[in-house]
Amino acid sequence: MGARPPRRRAPPAAAAAAAAAAPGPLGALLAAALLAAAGAQQSATVANPASGASSDLLPHFQLEPEDVYIVKNKAVSLACRATPATQIYFKCNGEWVHQGDHVTQHSTDRSTGLPVMEVRIEVTRQQVEKIFGLEEYWCQCVAWSSSGTTKSQKAFVRIAYLRKNFEQEPTAREVSIEQGIVLPCRPPEGIPPAEVEWLRNEELVDPELDANVYVTPEHSLVLRQARLADTANYTCVAKNIVARRRSASAAITVYVNGGWSTWTQWSGCSTSCGRGWQKRSRTCTNPTPLNGGAFCEGQNVQKTACTTLCPVDGAWSEWSKWSECGAECTHWRSRECSEPAPRNGGRDCHGPELDTRNCTSELCTHAAPGAEDVALYVGLVAVAVCLVLLLLVGVLVYCRKKGGLDADVADSSILTAGFQPVSIKPSKADNPSLLTIQPDLSTTTMTYQGSLCPRQDGPAKLQLPNGHLLSPLGAGRHTLHHSSPAAEGADFVAQLSTQSYFRSLPRGTNNMAYGTFNFLGGRLMIPNTGISLLIPPDAIPRGKIYEVYLTLHKQEEVRLPLAGCQTLLSPIVSCGPPGVLLTRPAILAMGHCVEASAENWSIRLKKQSCEGTWEDVLQLGAEPCTELYYCQLEAQACYVFTEQLGRFALVGESLSMAASKRLKLVLFAPAACPSLEYNIRVYCLSDTQDVLKEVIQLEKQLGGQLIGAPRVLHFKDSYHNLRLSIHDMPSSLWKSKLLASYQEIPFYHIWSGLQPFLHCTFTLERLSTSTCELACKIWVWQVEGDGQSFTVNFNIAKDTRFSDWLVPDEVGTPALVGPSAFKIPFLIRQKIISSLDPPGTRGADWRTLAQKLNLDSHLSFFASKASPTAMILNLWEARHFPNGNLSQLAAAVAEVGKQDGALFSEAEC
């Protein structure tokens, strides 16, 4: 390569031009001689056309070199064929290929009789790699004939490859039936570019055979409507001439939420006589929940009281006296089926009603025909009168008994109240202070169905134990008394101002707080979670009393749909009851795990509607579309102003791969180890207090102990997984049972935020039960991202030095009512509000106070409220309770410059 082709006779014109280029007169003479020779040769050619028929033709290529790829270390061959041609040589990247590297074949075209020349060369990987990175390697054929030269097209020679790692892999998802699914796949980089195909449970997916499936130009697999048959493991396969790569399989689960069938008919009464019950049922089969879909909410059986009238069989009365012996020498007696008469379906009397007997043993008296008829008629009238009287008596008895029975049935509604759903009714106009939620006076435990409005998804059912507000009714009859709230209102409000009320709802005090509040306001807190609800003074209208709850939901209980790059940044929290009237915003405080920046994140506050759908009510950083909601986002917590209680969550959508979430890394191990095996559990949690609290409670149940100080890792939206490995264990004392060099948690499992307790377990084995000292290093890192390392060095039998890192139990009441719920005394608060709300002549008003407290970015929200100063003080209370420094607030008020600021001093506090 690099040598010029051998010199052969060049065309005359070309030779003449070369001679003319020679310097001096000699060059001119040579040019003239060559042209003369060319003329003579042309004359000879014309004289002998058969011998030089091809001399007037330029060579043309019958075969030109084409682009090729070098696979591994195999050389590739380039070929070209031209006619008519006297010489053919390859030129690669501007340099001639050495003559010895050419393989030449000569032949003749049978149709034209022209000579044909075919040339081949081989190109090796080493030749291509010599210019790697400078330009692409190419080769070109140059063919000569007596009339001139012709060049072929360029053929590029590339080294084929296919990298191992996919740029984006499909991720596991759970979707509702008939919902659309998009599985992204970006194949590894390769030359030539990889072709992509999809496998469903290792079988090829062919869009030509399934109209519900298609593959986008970006290689994403799209299922238009999810079907149960689409539940499978999906794998993206990329291949080219070099290799075939498979992505990690993504498990797609298509679930079906359950639905109730229609109610059956009421069954017959359980007793055939007296009071009993009857029931009807329905089943969760319309449709049946499948693949983890939510089960139906509500009762599957309803019961109600019933009463069945007891049947009374008829019985005969006593026989009457025998009649006188008649003309036929017979006499008779009678009886009636009246003691008792049959009723309510009872059986009639069996036997004869009239009995006759012969009286021939006595003298038969023959009375006159007229006398016998009179006696018969009198007897019939008497019998008719007796029957009428008996019928009247029976009717009276029946009515009296029915009246008593109706009273019992009416009273039995108390016993059946437990089968009716919980209802919300507005309070009557004449009783404004009555609680608007009607309690269930059942004798059994009531089932609380999450939100008080209808839901589409399936929250957990909460069981209310019987308290003094929901006390069970004892046996026997009951009388319900109605008292006037006006008579007791003053005493009740006074009691609320000095006492705290807490109701333990089904999930216990760990995840719920419950209290009764009036216009004095108050506060609900869920211990060790950072979650609280502040109800400012006068937020509840005067004369109203609300029972308010605050609930922390488990993420697996509430389906929060996330799309694209969205992720859950906070716990899911409910406060209620929804629909209550608030005249001022309450403040909901909860933690979050986002490293917020406007260029990396779009953060939204979501609220669940009564229909069960999640709606965006606020986008942080943008102008609020309504004055009902506002959010103050700080480093580790957010404070949501809301005038409508409900279920809230903070959701973020990453705008760049630099967006990151905070993960809390926590190490746990057994407190006691009687066997040779020892497990170290590494939790990767969202950095919020509620998740850490749940894990600590879980580990306490498992008998675990903390073995290292928790660390924080910043997890980026880079689609890279999280890896965990263990190193530097003394091999003479311990060995690891981990077969691979590291464990891995998929990116989407962490990024979605919907799997709160992700962890990996390292199983170690000590070689002797006497070994108690453990020393090793545990590394946790994101591929091409942040990482943390733990140096573990402790005694597994008695080391407890990290127990101080556990979250201590908070001391205090989860529900505080009235002045005890606030740091700022009520009278001083009123002085500050009345002093700073009016505009100041020199700007010394609430705006200056907001600036002093670093809240001046929220001026437009504060200004939209009736009392901006009250909003500022409420936010200060939410942020600084219970350890707020009143002296700092007093100094800020004093610096505003108004004389009223001096009224608020640390001594008064």
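The structure this text deals with has already been given above.
Residues numbered from 1 in each chain as written. Predicted model: local features only at pLDDT ≥ 70, side-chain atom pairs only at ≥ 80, totals over all residues. Heavy atoms only, no water.

*Asks:* Honestly, the overall build of the chain in this entry has me stumped. Any pointers?
*Replies:* On a plain count of helices and strands, the chain comes out with twelve helices and 49 strands. Looking at the 909 residues of the chain, the share that counts as buried comes to 41%. (Helix = DSSP H or I, 4+ residues; strand = E, 2+ residues; numbered from the N terminus. Buried < 20%, exposed > 50% of the residue type's maximum accessible area, 1.4 Å probe, protein only.)

*Asks:* Any chance you could explain the packing of aromatic side chains here in plain terms?
*Replies:* Between two aromatic rings, the relevant description is the distance of the centres plus the angle of the planes. Summed over the entire model, instances satisfying the criterion amount to 13 aromatic pairs. A ring pair is formed by Phe 668 and Tyr 683, whose centres lie 5.9 Å apart and whose planes are at 90°; its orientation type is edge-to-face. Here Phe 668 is found in strand S39 (residues 660–670), whereas its partner Tyr 683 is found in strand S40 (residues 677–686), with 15 residues between them in sequence. Here the aromatic rings of Phe 747 and Trp 751 are separated by 5.7 Å at their centres, their planes lie at 15°, and the arrangement is stacked. Of this pair, Phe 747 and Trp 751 both sit in helix H7 (residues 747–751), four residues apart, which is roughly one turn of the helix. We classify Phe 747 as buried; its relative accessible area is 6%. Members of the aromatic cluster, joined through ring pairs, are Trp 601, Phe 715, Phe 747 and Trp 751. The ring of Trp 316 carries the charged tip of Arg 335 above its face, separated from the ring centre by 4.3 Å. Over the ring of Trp 751 we find Lys 661, and its NZ or CZ is 5.8 Å from the ring centre. (Phe/Tyr/Trp six-rings, centres within 6.5 Å; stacked < 30°, edge-to-face > 60°. Lys NZ or Arg CZ within 6 Å of the ring centre and 35° of its normal.)

*Asks:* When you look at the pairing of strand S7 (residues 115–123) in this model, what are you seeing that I'm missing?
*Replies:* Pairing of strand S3 (residues 76–83) with S7, which is carried by seven bridges, proceeds in the antiparallel orientation. When the bridges of S7 are listed, Val 76 appears paired with Val 123. With six bridges joining them, strand S6 (residues 103–108) and S7 adopt antiparallel strand pairing. Bridged to His 106 within S7 is Met 117. From the end of S6 to the start of S7, which pair antiparallel, there are six residues, and Gly 113 there has a positive phi angle of about 75°. (Pairing = 2+ DSSP bridges.)

*Asks:* Mind showing me how you'd approach the pairing of strand S38 (residues 647–654) here?
*Replies:* It is a general feature of regular strands that their side chains alternate between the two faces of the sheet. The buried fraction of S38 amounts to seven of the eight residues, a majority that puts the element mostly inside the structure. Summarising the sheet, strand S31 (residues 566–568) and S38 pair through three bridges and their orientation is antiparallel. Within S38, the position partnered with Thr 567 by the bridge is Gly 652. With two bridges joining them, strand S32 (residues 572–576) and S38 adopt antiparallel strand pairing.

*Asks:* How should I be thinking about the side chain of Asn 874 in this particular structure?
*Replies:* Looking at the secondary structure, you find Asn 874 in helix H11 (residues 868–880). Excluding residues within four positions of it along the chain, Asn 874 makes contact with Leu 534, Pro 536, Ile 587 and Arg 829. (Contact = heavy atoms within 4.5 Å.)

*Asks:* In this structure, what is going on with the sheet that holds S3? I would like to understand it.
*Replies:* What links the strands of a sheet is backbone hydrogen bonding, and the strands pair in either a parallel or an antiparallel sense. Here four strands make up an open sheet; going across it, the order is S1-S3-S7-S6 and the pairing antiparallel. Only two strands of the sheet have a single partner each, and these edge strands are strand S1 (60–63) and S6. Taking each pair of neighbouring strands and ignoring which way they run, the sheet shows an average axis angle of 25°. (Axes fitted to C-alpha atoms, helices over the stretch in contact; angles between N-to-C directions.)

*Asks:* For this particular structure, what's the right way to read the nonpolar core?
*Replies:* Nonpolar side chains in soluble globular proteins tend to be buried together. With 70 residues, the main nonpolar core has Leu 533, Leu 550, Tyr 678, Leu 722, Leu 774, Ile 778 and Val 780 as its most contacted residues. Counting 37 residues, the second-largest nonpolar core is a separate cluster that includes Tyr 630, Trp 846, Leu 873 and Val 893. (Core = buried A, V, L, I, M, F, W, Y, C linked by side-chain atoms within 4.5 Å.)

*Asks:* Help me out: how do you make sense of the state of the cysteines in this one?
*Replies:* By definition, a disulfide links the sulfur atoms of two cysteine residues through a covalent bond. One pass over the full model with this rule turns up eight disulfides. Linked covalently through their sulfurs, Cys 185 and Cys 236 form a disulfide whose S-S length is 1.9 Å. Since a negative S-S torsion denotes a left-handed disulfide, the Cys 185-Cys 236 link at about -75° is left-handed. Placement of the pair is Cys 185 in the loop between strand S12 (181–183) and strand S13 (190–191) and Cys 236 in strand S18 (residues 232–239), with a sequence separation of 51 residues. Taken individually, Cys 185 and Cys 236 each receive the classification buried, so the pair is uniform in this respect. Bridging Cys 273 to Cys 310, the disulfide has an S-S length of 1.6 Å. Residues Cys 273 and Cys 310 are joined through a disulfide that is right-handed, its torsion about the S-S bond being 95°. Pair noted here: Cys 273 is in the loop between strand S20 (250–255) and strand S21 (274–281) and Cys 310 is in the loop between strand S22 (301–308) and strand S23 (330–334), with a separation of 37 residues, a long-range link. By relative accessible area, Cys 273 is classed as partly exposed at 40%. The partly exposed category is assigned to Cys 310, whose relative accessible area is 29%. (Disulfide = S-S within 2.5 Å.)

*Asks:* Just checking my understanding: could you explain unusual backbone geometry for this structure?
*Replies:* Generally, phi is negative for residues other than glycine and the peptide bonds are trans, each holding for most cases. Along the chain, Glu 339 connects to Pro 340 via a cis peptide bond; the corresponding omega equals -5°. Secondary-structure assignment places Pro 340 in the loop between S23 and strand S24 (354–358). Residues Gly 576 and Pro 577 are joined by a peptide bond in cis, for which omega reads 10°. Within the secondary structure, Pro 577 is located in the loop between S32 and strand S33 (586–591). Despite not being glycine, Asn 344 has its phi angle at roughly 55°, a positive value. Counting through the fold element by element, Asn 344 comes out in the loop between S23 and S24.

*Asks:* Would you explain H11 in this entry?
*Replies:* Residues three or four positions apart in an α-helix share a direction because the helix packs 3.6 residues into each turn. With 13 residues, H11 should cover 18 Å at 1.5 Å per step; its first-to-last C-alpha distance of 19 Å lies within 8% of that length. The buried fraction of H11 is high, at eleven of 13 residues. Three or more residues of H11 are buried, namely Pro 868, Thr 869, Ala 870, Met 871, Ile 872, Leu 873, Asn 874, Leu 875, Trp 876, Glu 877 and Ala 878. (Expected span 1.5 Å × (residues − 1).)

*Asks:* What's the story with the packing of helix H8 (residues 826–836) against H11 in this structure? I'm lost.
*Replies:* Packed helices, taken two at a time, are described by the angle their axes make and the gap between the axes. It is at 8 Å that the axes of H8 and H11 come closest, and there the two elements cross at 140°. In terms of orientation, H8 and H11 fall into the oblique class. By crossing handedness, the relation of H8 to H11 is classed as right-handed. Contacts from Arg 829, Ile 832, Ile 833 and Leu 836 in H8 reach Thr 869, Ala 870, Leu 873 and Asn 874 in H11. Its residues assigned to classes, the contact of H8 with H11 comprises five nonpolar, two polar and one charged. (Parallel < 35°, antiparallel > 145°, perpendicular 65-115°, else oblique. Left-handed = near helix turned anticlockwise from the far one by under 90°. Nonpolar A, V, L, I, M, F, W, Y, C, P; charged D, E, K, R; others polar.)

*Asks:* Explanation requested: the sheet that holds strand S45 (residues 743–745) in the structure shown.
*Replies:* Read from one edge to the other, the open sheet built from four strands follows the order S45-S43-S47-S48, with strand pairing classed as antiparallel. The open sheet terminates on both sides in strands that have one partner only, identified here as S45 and strand S48 (787–795). Recorded for the sheet is a direction-independent mean angle of 20° between the axes of neighbouring strands. Bridge count between strand S47 (residues 773–782) and S48: nine bridges; the pairing is antiparallel. Each residue of the ladder has a partner; that of Leu 774, found in S48, is Phe 794.

*Asks:* When you look at the pattern of salt bridges in this model, what are you seeing that I'm missing?
*Replies:* Here the idea is simple: oppositely charged side chains can pair when their charged atoms come close. Under the defined criterion, the tally for this structure stands at 31 salt bridges. With a shortest N-O distance of 3.6 Å, Glu 197 and Lys 239 are connected by a salt bridge. Of this pair, Glu 197 sits in strand S14 (residues 195–200) while Lys 239 sits in strand S18, and the two are 42 residues apart along the sequence. A salt bridge links Arg 246 to Glu 202; its shortest N-O distance comes to 2.8 Å. Separated by 44 residues along the polypeptide, Arg 246 in strand S19 (residues 244–246) and Glu 202 in the loop between S14 and strand S15 (203–204) bring together distant segments of the chain. If you follow the salt bridges from partner to partner, you end up with Arg 200, Asp 210, Arg 227 and Asp 230 in one network. (Salt bridge = Lys/Arg side-chain N within 4 Å of Asp/Glu carboxyl O.)

*Asks:* What should I look at first to understand the side chain of Gln 566 in this one?
*Replies:* When you line up the elements, Gln 566 lands in strand S31. A residue is classified by how much of its surface remains accessible, and Gln 566, at 14% relative accessible area, is buried. Not counting residues up to four positions away in its chain, the partners in contact with Gln 566 are Pro 561, Val 651, Gly 652, Glu 653 and Trp 751.

*Asks:* Explain helix H12 (residues 886–895) to me, please; I cannot follow it from the model alone.
*Replies:* Leu 886, Leu 889, Ala 890, Ala 892 and Val 893 are the residues of H12 that are buried. One side of H12 carries all its buried residues, which in axial view fall inside an arc of 160°. Away from the buried face of H12 by more than 90 degrees, exposed residues Gln 888 and Glu 895 are located. Contacts made by the buried residues of H12 are with H8, helix H9 (846–852) and H11. (Arc of directions from axis to C-beta.)

*Asks:* Is there a simple way to explain a nonpolar patch on the surface in this structure?
*Replies:* A cluster of nonpolar side chains, Val 381, Val 385, Val 388, Leu 389 and Leu 392, forms an exposed patch at the surface whose accessible area comes to about 460 Å². With respect to the helices, strands and loops of the structure, Val 381 is situated in helix H4 (residues 369–411). (Patch = residues over 30% accessible without salt bridge, like charges linked within 9 Å, V, L, I, M, F, W, Y side chains within 5 Å. Areas by Shrake-Rupley, 256 points an atom, 1.4 Å probe, with all protein chains shown as cover.)

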